[in-house]
Every structure is written in structure tokens, then in C-alpha cells.
2 protein chains.
Amino acid sequence: MRLSSLADYAVVMLSAAARHPRDARLSATLLADETGVPLPTAQKLMGRLAGAGLLESARGTGGGFRLSREPCSISLADIVEAVEGPIAMTACVEQGKHDCGLETACKVRPHWSVVNGAVKGALAGVSLASLAGAEL
Amino acid sequence: MRLSSLADYAVVMLSAAARHPRDARLSATLLADETGVPLPTAQKLMGRLAGAGLLESARGTGGGFRLSREPCSISLADIVEAVEGPIAMTACVEQGKHDCGLETACKVRPHWSVVNGAVKGALAGVSLASLAGAEL
DNA sequence: CCCAAATCGGACTGATTCGTTCCGATTGCC
DNA sequence: GGCAATCGGAACGAATCAGTCCGATTTGGG
């Protein structure tokens with residue numbers, strides 16, 4: 001029931017990125033400096049976020065990253081899913097894995113769907129804009 | 001963002017236990033049979049749940065486990081915390097660990113408290129009684 | 001009163017995942 | 001055309017997790 005620290009770092013780095021002008025090129029080095037995340041880890045993270053479609057990357061001198069969407073339309077759920085994979089608290093809520101081998105008619109499974117939805121909703125309700133912008 | 005399978009098993013086993021008479025002695029072997037959880041793993045889990053105070057244990061012949069509270073007053077949050085430790089999505093929401101080394105004035109932390117509370121609430125809202133009892 | 005069966009409790013091992021680090025590939029500038 | 005800067009993927013070490021086993025303790029019968 002804990003978030004991986006990679007996901008935690010990703011949230012911090014993206015919120016830092018959202019505080020920059022929308023069309024600026026941010027290098028991994030710059031964001032690592034601003035946030036305090038170790039550089040190699042930051043590089044890995046930026047790459048993964050770009051692969052997930054949250055960032056656009058450009059190589060070469062003067063390259064870097066740029067948010068591919070507006071901060072208000074990027075949620076915590078998006079970030080977490082980009083880094084950790086689909087949000088599925090148990091194996092049985094993940095599609096295509098209904099063979100948990102336990103009770104054939106599992107009375108618990110329907111409840112997990114509800115809980116999973118609630119958790120996902122809590123994460124989806126917080127946008128990157130609100131993280132970057134402001135005091136609580 | 002995923003629950004450990006130990007926690008998943010624990011929920012299944014406790015919901016099975018809740019379907020038995022309140023004062024019956026349940027052995028780890030019995031519950032393992034009913035749920036399909038491997039016996040050694042079930043033993044380990046029951047011990048941990050007893051240590052957390054959710055179960056009362058009795059040794060010797062005819063011993064076993066018994067719920068220490070009414071099913072309606074045991075929530076998913078209780079079970080998850082018993083198996084996985086405190087529900088804290090990030091390190092900074094856990095008390096006594098405010099030295100994350102990142103930004104001194106972290107703009108993200110207050111939001112994590114909110115999200116953490118929402119997740120915890122979602123888990124606390126489902127009681128063991130509703131898990132054991134009924135169809136959705 | 002002693003013995004034996006049954007059950008809990010904790011220690012050990014193997015595996016998977018996580019976190020980190022490093023080096024090669026690609027691009028733009030001089 | 002060479003050089004510097006930056007992304008991209010591959011490899012390594014550490015920690016946690018899942019699973020297994022054996023010893024400690026208690027009850028019940030002989």
C-alpha cells in the first residue's frame with residue numbers, strides 16, 4: 001500500500017517542470033538540480049515518462065523534454081500509471097487474470113473493484129496544475 | 001500502487017473466518033483448505049494477524065484462532081495495516097520522516113496528505129462483515 | 001503423572017522487483 | 001567534419017517479498 005519512490009520522484013519532477021514556461025526545453029540535468037533527485041535516476045524517469053506519452057523528448061545539444069499536454073489535464077493517476085503500470089490493487093482486478101486459484105466463486109472480488117475505483121478516483125482528482133501552482 | 005499478495009490472502013482468509021460461528025476455534029489448516037491458500041503461507045499470515053491484535057490465538061491440541069473483534073468493526077484498512085504496516089503512500093506522510101532531502105519547501109507534500117487520506121478512507125469504508133456476508 | 005498429538009511461533013532460503021549506475025546512440029552547434 | 005551535449009537502453013547491486021521448514025508450547029488421553 002505504498003507508492004514506489006520512483007513514482008514519488010516523478011511527481012516532484014513533473015510538478016517542477018510545470019512551473020517552467022510551457023514551451024521551454026527542460027533537460028534532465030536541470031530538473032535533477034531543481035528537485036534534488038539524483039541525476040541518473042532522473043534520466044531514467046524522464047525516459048519512462050516520455051515513453052508513456054506524458055513528455056515529448058528531443059535529442060542532441062539544446063534538446064530536452066517538454067510536457068506533451070497541459071498541466072491541468074495531467075493527473076496523479078496518469079503519472080503513477082506511467083511509472084508503475086496500471087493501477088490494480090489486486091491481481092484479480094487486472095484484466096485477463098481471473099485464475100487466482102482460490103475460491104471459485106470469490107465473494108471478495110467485487111468489493112476490490114469498488115475499492116480500486118475509489119483509489120484511482122482519488123489519484124485522478126489531483127491535477128498537475130494544482131500541484132505546481134499553489135499552496136494548499 | 002499494488003497490494004502485496006500477502007495482504008490479498010489475508011483478506012480472503014479473514015472473510016472466510018468471518019463466515020464461521022463467532023466463538024469457533026479455526027486452525028490455520030482449516031482456513032487454508034477453505035480458501036486455497038498454501039498452508040505454510042497461511043500459518044505465517046495468521047501469526048502476523050494475531051500479532052497485530054486482529055486474531056486471538058490459542059496453542060496446543062484443539063487450539064486455533066478466533067476473531068478478536070466483531071466483523072463489522074474490522075475494516076480493510078485494519079487488515080492491510082496489520083500485514084503491510086502503516087498506510088503511507090509516500091515517505092513524507094509517515095511521521096518522523098520529514099527529511100526527504102528534496103525541496104526544502106515541498107509544494108507537493110500537502111497534497112499527498114489529502115490523497116493518502118482518501119485512499120485510507122476508501123479502505124476503511126469496507127468492513128469484514130460486508131465482505132463475508134453478501135453479494136455486492 | 002507421563003506421553004503423544006496437534007498447533008502456534010519464529011528462523012531460514014530462494015526469487016522477484018526496485019533502485020541505482022553506467023555506457024552507447026543520436027542530434028545540434030561550431 | 002569534429003565536438004559537445006543530451007537522450008536511450010542495458011547491466012549491476014540491494015532490498016523486500018513470497019514461500020518453506022523446524023522448534024516451542026499446550027492440551028488431551030493413557
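Scroll up for the structure.
Every value quoted in this text rests on a predicted model; they were computed, and no experiment measured them.

*Asks:* What am I meant to see in the overall build of chain A here?
*Replies:* Scanning chain A from terminus to terminus reveals 6 helices and 2 strands. Across chain A, helices and strands are ordered from the amino to the carboxyl terminus as α-α-α-β-β-α-α-α. Along the three orthogonal principal directions, the C-alpha set of chain A runs to about 60 × 30 × 25 Å. For chain A, buried positions account for 45% of its 136 residues. When contacts within chain A are restricted to residue pairs at least 6 apart in sequence, long-range pairs at least 24 apart make up 61% of them. Of the charged side chains in chain A, 13 are positive and 13 negative; the average position of the first set lies 4 Å away from that of the second.

*Asks:* What should I look at first to understand the relation of the copies chain B and chain A in this one?
*Replies:* Here the second copy of the chain follows from the first by a rotation about an axis and a shift along it. Mapping chain B onto chain A is achieved by rotating through 180° and translating by 0.0 Å along the same axis, at an RMSD of 0.1 Å. Accordingly, the operation relating the two chain copies is best matched by a two-fold axis. Scanning chain B for the C-alpha nearest the rotation axis identifies Val119 of chain B, at a separation of 2.7 Å.

*Asks:* In this structure, what is going on with the nonpolar core? I would like to understand it.
*Replies:* Membership of the largest hydrophobic core comes to 88 residues, with the highest contact counts inside it found for Met1, Trp112 and Leu123 of chain A together with Met1, Trp112 and Leu123 of chain B. With near-sequence residues (within four places) excluded, Trp112 of chain A lies in contact with Thr90, Cys92 and Val93 of chain A together with Leu3, Asp8, Val11, Leu76 and Leu123 of chain B.

*Asks:* Help me out: how do you make sense of the protein's contact with DNA strand C in this one?
*Replies:* Neighbouring DNA strand C are 20 residues, the closest being Ser5, Leu6 and Arg59 of chain A together with Ser57 and Phe65 of chain B. Each atom of DNA strand C within 4 Å of the protein was classed as base or backbone; sugar and phosphate made up 76%. In the model, a base oxygen of DNA strand C is placed 3.1 Å from a nitrogen or oxygen of the Lys44 of chain A side chain. Contact distances for DNA strand C include 3.5 Å between a base oxygen and a backbone N or O atom of Thr61 of chain A. Those elements that place two or more of their residues in the surface near DNA strand C are α1 (5-18) and α3 (39-51) of chain A together with β1 (55-58) and β2 (64-67) of chain B. Among the residues making up the surface near DNA strand C, the classes are represented as 6 nonpolar, 11 polar and 3 charged.

What counts, and at which threshold
- Residues numbered from 1 in each chain as written.
- Chains lettered and ligands numbered in written order.
- Predicted model: local features only at pLDDT ≥ 70, side-chain atom pairs only at ≥ 80, totals over all residues.
- Heavy atoms only, no water.
- Helix = DSSP H or I, 4+ residues; strand = E, 2+ residues; numbered from the N terminus.
- Buried < 20%, exposed > 50% of the residue type's maximum accessible area, 1.4 Å probe, protein only.
- Contact = heavy atoms within 4.5 Å.
- Lys, Arg positive; Asp, Glu negative; His and termini not counted.
- Charge placed at Lys NZ, Arg CZ, Asp CG, Glu CD.
- Least-squares fit on C-alpha atoms with pLDDT ≥ 70 in both.
- Core = buried A, V, L, I, M, F, W, Y, C linked by side-chain atoms within 4.5 Å.
- Near = heavy atom within 4 Å.
- Polar contact = N/O pair within 3.5 Å; in protein donor to acceptor, adjacent residues only side chain to side chain.
- Nonpolar A, V, L, I, M, F, W, Y, C, P; charged D, E, K, R; others polar.

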